[in-house]
Amino acid sequence: MNNAPKNTQSAEQLLNSMQSAKAQCPRCHGIIETTDCYCRHCAKPLQSRIGFWYDHGGIFLLTLLAGPFSLFTLWLSRKLSITAKLLWSAGIGLLSAYLIYAFYQSYLMMKEALDLMLSGGM
Ligand SMILES: [Zn+2]
């Protein structure tokens, strides 16, 4: 059979490609291994901790969604500099303090309104 050696070869190729999965660098499109931390052509970081959630936009979104909990992601990030981390922390801290203050103010207002309603109803 003529096809037999060809099939064996393609199966071997498939096995090889499965064992060492290749990926493309998003920046220079060079061939890299999926296990690589940095691109071997342009040195761009490739690991997940340097992904979207660890960039400025991701931190901003996380702060909106999870409030002060985004600080965990912020300090785990390897992408942001220490200055950026300190600035973000200060910003998130101020925002949290303001939100707690606003929440407390609205609580006081609601309590006052409730007292008025109750005393008016009596
Ligand atoms: Zn690259």
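What counts as what
- Residues numbered from 1 in each chain as written.
- Predicted model: local features only at pLDDT ≥ 70, side-chain atom pairs only at ≥ 80, totals over all residues.
- Helix = DSSP H or I, 4+ residues; strand = E, 2+ residues; numbered from the N terminus.
- Buried ≥ 20, exposed ≤ 12 C-beta atoms within 10 Å, placed from the backbone.
- Contact = placed C-beta atoms within 7 Å.
- pLDDT = per-residue confidence, 0-100.

**A closer look at the overall build of the protein**
When helices and strands are tallied, the protein shows 4 helices and 2 strands. Listing each helix as α and each strand as β along the protein from the N terminus yields α-β-β-α-α-α. For the protein, with 122 residues in total, the buried portion stands at 9%. Nonlocal contacts in the protein, meaning residues at least 24 apart in sequence, comprise 21% of its contacts between residues at least 6 apart.

**Digging into the environment of Glu33**
With respect to the element layout, Glu33 can be found in strand S2 (residues 31-33). Considering only alpha carbons, one finds Glu33 and Ala23, 10 residues apart in sequence, at a separation of 5.7 Å.

**So, the confidence of the model for the protein**
Across the protein, pLDDT averages 80, with 77% of residues at or above 70. The secondary-structure element of the protein with the lowest mean pLDDT is helix H1 (residues 3-19), recorded at 61, while helix H4 (residues 82-121) shows the highest, at 90.

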